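Survey of secondary and tertiary structure
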Amino acid sequence: MYIVHSTVKVPEEKIDEVIAIYQNRSKFVDEFEGFISFQLLQNEQFPTDLTVQICWETKEDYVKYITSEAYKKVHLLEKNYPDQDLASIKPIVHRYRRVAE
């Protein structure tokens, strides 16, 4: 399994808006080969930190997705988001491979 975390620090007044965006996300990624799951996680200690966690069967599946037209389409939607404060937030990305269960 290959897991990708993208964490953003969201302005406090925008938290509910960002959560709603993800609750109504496009779900293009869900149809991609090797996709396992998607979660939006909110840090209990620092609630303005939101992490998207996407699990893949393999790193190769993840790489195929991030080089696909579907990925470009999703990220183009983000760039065109009307709230430029949110559009300008840059995530911190971490990638993990499962080494034990």
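Positions within a chain are numbered from 1, following the residues in the order the chain's sequence is written. Local features in this predicted model are restricted to residues whose pLDDT is 70 or higher, and side-chain atom pairs enter the listing and the counts only when it is 80 or higher, whereas totals over whole chains, interfaces and linings include all residues. Only heavy atoms go into the side-chain values, all of them from the structure, while hydrogens and water stay out.

For the rest of this paragraph, the subject is the packing of aromatic side chains. In summary, the pairing rule links any two rings of Phe, Tyr or Trp, Trp by its six-membered ring, whose centres are within 6.5 Å, and it sorts them by plane angle into stacked for under 30 degrees, edge-to-face for over 60 and tilted for everything else. This model, assessed by the stated rule, comprises eight aromatic pairs. Ring plane angle 70° and centroid distance 5.2 Å describe the contact between Phe 32 and Tyr 65, whose orientation is recorded as edge-to-face. Here Tyr 65 lies in helix α2 (residues 59–66) and Phe 32 lies in the loop between α1 (15–23) and β2 (35–42), a separation of 33 residues in the sequence. Each residue is assigned to one of three classes by its accessible area relative to the maximum for its type, calculated with a 1.4 Å probe on protein chains only: buried under 20%, partly exposed between the two thresholds, exposed over 50%. Looking at Tyr 65, the relative accessible area reads 6%, which means it is buried. Should the NZ of a Lys or the CZ of an Arg lie within 6 Å of a ring centre and within 35 degrees of the ring normal, that charge is described as sitting over the ring. The ring of Phe 38 carries the charged tip of Arg 25 above its face, separated from the ring centre by 3.8 Å. Numbering goes from the N terminus for both helices and strands, where a helix is a DSSP run of H or I of at least four residues and a strand is a run of E of at least two.

Okay, the pairing of β2 next. Relative to strand β3 (residues 49–56), β2 runs antiparallel, the two sharing seven bridges. What sits directly across from Ser 37, in β3, is Cys 55. Taken together, β2 and the strand that follows it, β3, pair antiparallel across an intervening segment of six residues. Here, a strand pair is defined by DSSP locating no fewer than two bridges between the strands.

Interpretation in functional terms is not warranted from these geometric data alone.
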